[in-house]
Structures are given as C-alpha cells and as structure tokens.
Amino acid sequence: MPDWHAIAGALVAGIVTSISPCPLATNIAAIAFLGRRSGQGRRVAWAGLAYTAGRAVAYTGIAAAIIGGLLSTPAMSEILRTKLSGLVGPLLILTGMVVAGWLPLRLPGSSRLNDWGQKLAQKGLVGEFLLGGVFALSFCPASAALFFGTLLPIAVQSDSPVIVPVLYGLGSAVPVLIAVFLFVRGVEFAARLESMRRIGGHLQTGTGVIMIAAGAWMTLATMLR
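The written sequence of each chain sets the order in which its residues are numbered from 1. Two thresholds apply to this predicted model, a pLDDT of at least 70 for residue-level local features and 80 or more for giving and counting side-chain atom pairs, whereas whole-chain, interface and lining totals are computed over all residues. Side-chain metrics rest on all non-hydrogen atoms present in the structure, leaving aside hydrogens and water.

Some thoughts on the packing of aromatic side chains
A pair of aromatic rings is counted whenever rings of Phe, Tyr or Trp (Trp by its six-membered ring) have centres within 6.5 Å, and the orientation is called stacked for planes under 30 degrees apart, edge-to-face for over 60 and tilted otherwise. Applying the stated rule across the entire model yields eight aromatic pairs. In this structure an aromatic cluster arises from ring pairing among Tyr59, Phe139, Phe147, Phe148 and Tyr168.

Let's talk about a nonpolar patch on the surface
Together, Trp46, Leu49, Leu125 and Leu177 give the surface a local cluster of nonpolar side chains, amounting to about 380 Å² of exposed area. Given a relative accessible area of 49%, Leu49 falls into the partly exposed group. A patch consists of residues whose relative accessible area exceeds 30% and which take part in no salt bridge; residues with like charges are grouped when within 9 Å of each other, and nonpolar side chains (Val, Leu, Ile, Met, Phe, Trp, Tyr) when within 5 Å. Throughout, the Shrake-Rupley method with a 1.4 Å probe supplies accessible areas, and for residues the shown protein chains are the sole cover considered. We define a salt bridge as a contact between a side-chain nitrogen of Lys or Arg and a carboxyl oxygen of Asp or Glu at a distance within 4 Å. Accessibility here uses a 1.4 Å probe with only protein chains present; expressed as a share of the type maximum, an area under 20% marks a residue as buried, one over 50% as exposed, and anything in between as partly exposed.

Regarding the nonpolar core
We define a nonpolar core as any set of buried Ala, Val, Leu, Ile, Met, Phe, Trp, Tyr and Cys residues linked to one another through side-chain atoms lying within 4.5 Å. Judged by nonpolar contacts, the single largest core of 26 residues is most densely connected at Phe147, Val164 and Tyr168. Helix numbering and strand numbering both begin at the N terminus, where a helix is a DSSP run of H or I of at least 4 residues and a strand a DSSP run of E of at least 2. Breaking this core down by element, the ones donating at least two residues are helix H1 (4–19), helix H3 (41–71), helix H4 (74–100), helix H7 (141–157) and helix H8 (163–172). Element by element, the count of residues in this core is highest for H7, at eight residues.

Section: the side chain of Thr60
Of note, Thr60 is situated in helix H3. The exposure class of Thr60 is buried, given its relative accessible area of 11%.

Re the pattern of salt bridges
Evaluated as defined, the whole model comprises one salt bridge. Of the charged contacts, one joins Arg43 and Glu128 as a salt bridge, the two residues approaching to 3.3 Å between their closest N and O atoms. Of the two residues, Arg43 sits in helix H3 while Glu128 sits in helix H6 (residues 125–137), which places them 85 residues apart along the sequence.

What to know about the environment of Met211
Mapping Met211 onto the fold places it in helix H10 (residues 190–223). Each C-alpha atom of the pair Met211 and Val99 lies 8.8 Å from the other, and the pair is 112 residues apart in sequence. In what follows, a contact means two residues having at least one pair of non-hydrogen atoms within 4.5 Å. When near neighbours in sequence (up to four residues on either side) are disregarded, Met211 contacts Leu92, Ile93, Thr95, Gly96, Val99, Leu146 and Thr150.

Details of the confidence of the model for the chain
Confidence along the chain averages 77 in pLDDT terms, with 74% of residues attaining 70 or more. The secondary structure element of the chain with the lowest average pLDDT is helix H5 (residues 111–120), at 60, and the one with the highest is H8, at 92. Confidence scores per residue from the predictor, reported as pLDDT, run from 0 to 100.

Shown next, in the form of structure tokens:
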C-alpha cells in the first residue's frame, strides 16, 4: 500500500491532468455524450463510472507494463530504487516546463483515437468504458509530461504499479464525476465546463510554475545533503 504522499501525489497529478486544456476538452466531449440521457439519472451515473473505470484501467495497464519491464532487470531495478529520488527534482522541473507550455513537446495527433472513442461509446456501458480508455490514451504534451514525468516516478518509488495509476485515473476523471453527480441532481454542468476551458490555460501555467519551484527546491535539497 503506497503512503499518503504517493496517494496525494497521484490524485493531484490526475486532477491537474483533468484541467489541462487537451484532457479537459475530451472530458467535455465525454460529458456531452454521457449526458444525452439527462433524464435517466441512474443510467448517467453508471455511464460516468464506466468512463472513469476505463481511464483508470488504461493508465494502470500502461504504468504496470512500463514499470514491470523496468523492474524485471535486477540492475535497472536497483538503479531506479536507489537513484530515482535524486532525479525527481529535475523531472519535476522539466515536467513543469512542459505543463506551463515553456518547453515544446510534439506528439502524434490523436484525432483518430477520439473518433474511435465516439463510435465505441455507442455500445452501451462497455463502449463507455472503452471511451474512457481511448480518451486516456489520447496523450497531449501536458498529460504525457504529467504521466511519464510525475506519475511513473511516484509509482516506482512507492512500489505501486497498480494503486497509484488507478488513483491518477480517478483524478483525471474528476470533471466527469462532478458533472455526472450534478446531472443526477438535475443540474446542467456542461456549459460551465466550457467556461473552465478558458481558465484552464491559466491554471495549467500556474501549476507548471509550482511544479518548477518544487523541483528546484528538491534538487537544491538533494545537492546540499
């Protein structure tokens, strides 16, 4: 079981991912689709849970595969367990620069994945589960930096290739979970998420600055030991 630092770090990284412009756009698309049955509260709730589970399973599968491959080699396992703590600070700095948009990172386009997701979502709960997984795999620079630069080191350090990614996946679906709750309560939330898209960039920049500052502090502390 990971300690509370790892738990909090995974949840925060997931929530930061959820408010980044690209993942927020996919979450808005998911909310618009899941909310098409706004008069069926229980059905919307199950659809939201299926979507969230899909995101969590996708992230867990990727993390478990990568971490399992790295730790399967005794020499690499020893290096990661003993040296990774000294790399967390520089990784946070680089991740923060990508999240803030100060360090360009180009990734292949994910529009085809999104198209597949929309088609899969027409298959009921199974399709909505797959929709969450497909949208999770639609990495953009900010989400890729947070997943590979923040989540994976947390999972390796806490020796938790399953629980930590699951918590990250739950955090990344927070806007959808909130929207589903409000849909069930009879409150329209999708339009408000559109306004969040405008402030998402400012939140992302602020988060990047905080990550850079934390990384610089951790790097300096490591150097002074």
